[in-house]
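Residue-level listing of the chains:
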Amino acid sequence: MLTVSAHVALTLARHIDHVFGVMGNGNAYFLDALERSTDVHFTAVRHEAGGVVAADAFFRASGRLAAATATYGAGFTNTLTALAEAVQAHVPLVLVVGDEPTSGPRPWDVDQIALASAVGARTYTVGRADAAATTVIAIEHALTYRVPTVLAIPYDVAARDAGPVPEAPEPRLPEPLAPVGPFAAGALDGLVDALANAERPFLLAGRGAWISGASDALGEVADLVGAVTASTALGRGVFPRAEFDLGVTGGFGAEGAMELVREADVAVVFGASLNQFTMRFGDLFAPGTRVFQIDVAPAATHPHVGGFVRADAGVAARAVATALRERGGAPSGWRESIDVAALRAYEPGDAVAADGRLDPRAVARRIGELLPADRVVVSDGGHFIGWANMYWPVASPDRMMMVGTAFQSIGLGWPSVPGAALAKPTSTVVLTTGDGGGLMALADLETAVRVAGGRGIAVVWNDAAYGAEVHLYGLKGLAEQPMLIPQVDFAALAAGVGAEGVVVRTLDDLERLVTWAAEDEASRPFLVLDCRISGDVIAPYQREIIRVNS
């Protein structure tokens, strides 16, 4: 007998290879069918939010669709913060959940469709006759619109016999968006003309450029016009020539690099939304810079944009490269006159801050020197996000993910680790988290340790406080007591679930990372570095926020 839940599992299994979640009454039959009848790998997490987070991180690191699962009611409501983050970050995934019976809600049921809609996710509910087709529709929606979808199985149909699984069509996905019509063609021609005649051309790329496969074409455009390049926080590494790349723009950028950006006379932005952080709250470009944007959004996403082309970044980049080749002009020569490496330098920090605790800049710099080159960095949210983003470079955009930042959430760090670890099965996964977010997500410390094992490192920035709140509201004179956290021993907590914990009070304590990296990953433990840092050192990006909100 093939149940409705089996129809969902078998159809979904044609399009995914990983599911993350927690078993309960509402998804028991789905998980049974998944385990018995498919090759999909199920990873149990310890909190339902962690299932969505792990699927989110899996997609960001691999580019492949993943799924999460939870039961109805309280299981579903536990996923909402993680679901909202995936919506805001444009991450396609499928969340398979139990739901109220078709006869109506029970006392413990809630209006799950309304709750999902409230955070921007659409729900598809399967029935006895259409489970396979509805599953395909949910997958198609997630991939087409780059959002999570909820696939609901009503409790009273989950175990009903649905007969053989019918043939379901493959999801139909739209072609990459090309510039269409005379206005788009004219805008693209104007952009090419501006680049070709620029004396100080600058290219900025975001995650959209990476997703569209624009990297090689962007490198060619940069070479043809002699442009200096940079990326958003989620697009780092998209340009192939690091010697002419300024790194990340915005508050994570080095001050010298950001000053150079303001010298550009023409700037072209590929696949980046130009949010307030990338734009340094409006100060990234000088008033005289001509700014062009290429994006799939319906219109320009920032008032500083003077020319907009609606198109896929990869399609447009290749068109720009072709047009520039045909013009046959010479590169500007600007980038060869610049010492880019010097401009990218960050403050090294002091070994110890004035309050006697570690300077997080010095800790981050030293860890960055010791981390394995083949690494994926996953970041929780909090004040500390500046340190990894500034001092731990990664090779490509799929190796740095900030799960929580889009929704301004904390507490999603630990469950990001298993998703990234399974997506990149040969890389070291490095979590950067604070003591506040680390405690909030503590249930999935065990999941991180179990799944990543000797390929996992966690750096806990332990300042005994909610640092972002201290630096913003404490400076405004608000009572600090609600912003403080009793000193927590994360090294001891880690040991309780089979990891090795090291309390880092001096830079010399980081030498354990040297010996750990030399050990066989099959036998070494997951390593947790409990870094007792000063709360007095404010990250540059946080200073920008303070300036704007003062």
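1. Remarks on the packing of aromatic side chains
Here comes step 1: As enumerated under the stated definition, the model contains seven aromatic pairs in all.
Here comes step 2: Between Phe-252 and Tyr-541, the ring centres sit 5.4 Å apart and the planes meet at 65 degrees, which makes this aromatic pair edge-to-face. Of the two residues, Phe-252 is situated in the loop between strand 9 (245–248) and helix 11 (255–261) and Tyr-541 in helix 22 (residues 540–549); the sequence distance between them amounts to 289 residues. When sorted by exposure, Phe-252 lands in the same class as Tyr-541, which is buried.
Here comes step 3: When the ring centre of Tyr-72 is taken as reference, the NZ or CZ atom of Arg-106 above it lies at 4.4 Å.
Here comes step 4: The ring of Tyr-155 carries Arg-106 above its face, with NZ or CZ at 4.8 Å from the centroid.

2. A short note on the environment of Val-8
Here comes step 1: Structurally, the position occupied by Val-8 is in helix 1 (residues 4–12).
Here comes step 2: For Val-8, a relative accessible area of 0% gives the class buried.
Here comes step 3: Beyond its immediate stretch of four places on either side in the chain, Val-8 contacts Phe-30, Val-96, Val-126, Ala-131, Thr-135, Leu-151 and Ile-153.

3. Details of the pairing of strand 4 (residues 94–99)
Here comes step 1: Of all six residues in strand 4, six are buried, a share of seventy percent or more.
Here comes step 2: Neither face of strand 4 is left uncovered, since the one carrying Val-94, Val-96 and Gly-98 and the one carrying Leu-95, Val-97 and Asp-99 both have all their residues buried.
Here comes step 3: As paired elements, strand 3 (residues 67–70) and strand 4 share four bridges and run parallel to each other. When the bridges of strand 4 are listed, Ala-70 appears paired with Val-97.
Here comes step 4: Alignment of strand 4 against strand 6 (residues 149–154), held across six bridges, turns out to be parallel. What sits directly across from Gly-98, in strand 6, is Ile-153.

4. Regarding the sheet that holds strand 5 (residues 122–125)
Here comes step 1: The six strands lie next to each other as 2-1-3-4-6-5, forming an open sheet whose pairing is parallel. The open sheet is flanked by strand 2 (41–44) and strand 5, the only strands paired with a single partner. Averaged over all adjacent pairs, the angle separating strand axes in this sheet is 25 degrees, with direction ignored.
Here comes step 2: Bridge count for strand 1 (residues 18–21) against strand 2 is four bridges, and the pairing is parallel. Within strand 2, the position partnered with Val-19 by the bridge is Phe-42.
Here comes step 3: Sheet strands in contact with helix 16 (residues 416–423) are strand 1 and strand 2, and its direction is about 170 degrees off that of strand 1.

5. Brief notes about the environment of Ala-114
Here comes step 1: Along the polypeptide, Ala-114 turns up in helix 6 (residues 112–118).
Here comes step 2: In the structure, Ala-114 is positioned 30 residues away from Thr-144 in sequence and 22 Å away in space, judged by C-alpha atoms.

6. Remarks on the packing of helix 3 (residues 48–62) against helix 5 (residues 80–88)
For any two helices packed against each other, one specifies the inter-axial angle together with the distance between the axes.
Here comes step 1: For the pair helix 3 and helix 5, the least separation of the axes is 7 Å and the interaxial angle reads 25 degrees. Relative to helix 5, the element helix 3 is oriented roughly parallel. Residues Ala-49, Val-52, Val-53, Asp-56 and Arg-60 of helix 3 touch helix 5, and the partners they reach there are Ala-82, Leu-83, Glu-85 and Ala-86.

7. Quick look at the packing of helix 19 (residues 467–474) against helix 22
Here comes step 1: Contact pair helix 19 / helix 22: the axes reach a minimum separation of 10 Å and the direction vectors enclose 35 degrees. In terms of crossing hand, the pair formed by helix 19 and helix 22 is right-handed. Residues Ala-468, His-471 and Leu-472 of helix 19 pack against Gln-542, Ile-546 and Asn-549 of helix 22.
Here comes step 2: The residue makeup of the contact of helix 19 with helix 22, split by class, is three nonpolar, three polar and no charged.

8. Notes on the nonpolar core
Here comes step 1: Among the nonpolar cores identified, the biggest contains 54 residues, and Leu-95, Trp-414 and Phe-526 are the most heavily contacted of them.
Here comes step 2: With nine residues, the top contributor of residues to this core is helix 3.
Here comes step 3: For Phe-526, the residues in contact, after removing those within four places along its chain, are Trp-414, Val-417, Ala-448, Val-449, Ala-452, Gly-453, Gly-454, Gly-456, Ile-457, Ala-458, Ala-499 and Glu-500.
Here comes step 4: Core analysis: the second largest hydrophobic core is formed by 38 residues, Ala-364, Met-390, Ile-457 and Cys-531 among them.

9. Quick notes on the sheet that holds strand 7 (residues 201–205)
Here comes step 1: Strand order across the open sheet formed by six strands is 9-8-7-10-11-12, with parallel pairing between neighbours. Among the strands making up the open sheet, the edge pair consists of strand 9 and strand 12 (307–310). Across this sheet, the average inter-strand angle for adjacent strands is 15 degrees, counted without regard to direction.
Here comes step 2: The sheet contact formed by strand 11 (residues 290–295) and strand 12 spans four bridges and is parallel.

What counts and what doesn't
- Note on numbering: residues in each chain are counted from 1, in written sequence order.
- Local features in a predicted model are, by the rule used here, given only for residues with pLDDT of at least 70; side-chain atom pairs are given and counted only at 80 or more, and totals for whole chains, interfaces and linings are based on all residues.
- Where side-chain values are given, they derive from all heavy atoms of the structure, hydrogens and water being excluded.
- Whether two aromatic rings pair depends on their centres lying within 6.5 Å, for rings of Phe, Tyr and Trp, where Trp uses its six-membered ring; planes under 30 degrees apart make the pair stacked, over 60 edge-to-face, and the rest tilted.
- Going along the chain from the N terminus, every DSSP run of H or I of four or more residues is numbered as a helix, and every run of E of two or more is numbered as a strand.
- For every residue, the accessible area (1.4 Å probe, protein chains only) is compared with the maximum for its type, and the residue is labelled buried under 20%, exposed over 50%, or partly exposed between those bounds.
- Counted as over-ring charges are cases with an Arg CZ or a Lys NZ within 6 Å of the ring centre that also lie within 35 degrees of the ring normal.
- Contacts between residues were defined by any pair of non-hydrogen atoms, one from each residue, lying within 4.5 Å.
- By definition, two strands form a pair when at least two bridges between them are found by DSSP.
- Axes, fitted as lines to C-alpha atoms, cover a helix only where it is in contact. Angles between the N-to-C directions of the axes lie from 0 to 180 degrees.
- Small angles under 35 degrees read as roughly parallel and large ones over 145 as roughly antiparallel, with 65 to 115 read as roughly perpendicular and the rest as oblique.
- Should the near helix be turned anticlockwise from the far one by less than a right angle, the crossing is left-handed, and should it be turned clockwise, the crossing is right-handed.
- Note on residue classes: Ala, Val, Leu, Ile, Met, Phe, Trp, Tyr, Cys and Pro are nonpolar, Asp, Glu, Lys and Arg are charged, and everything else, Gly too, is polar.
- The set of buried Ala, Val, Leu, Ile, Met, Phe, Trp, Tyr and Cys residues whose side-chain atoms join them within 4.5 Å is what this entry labels a nonpolar core.

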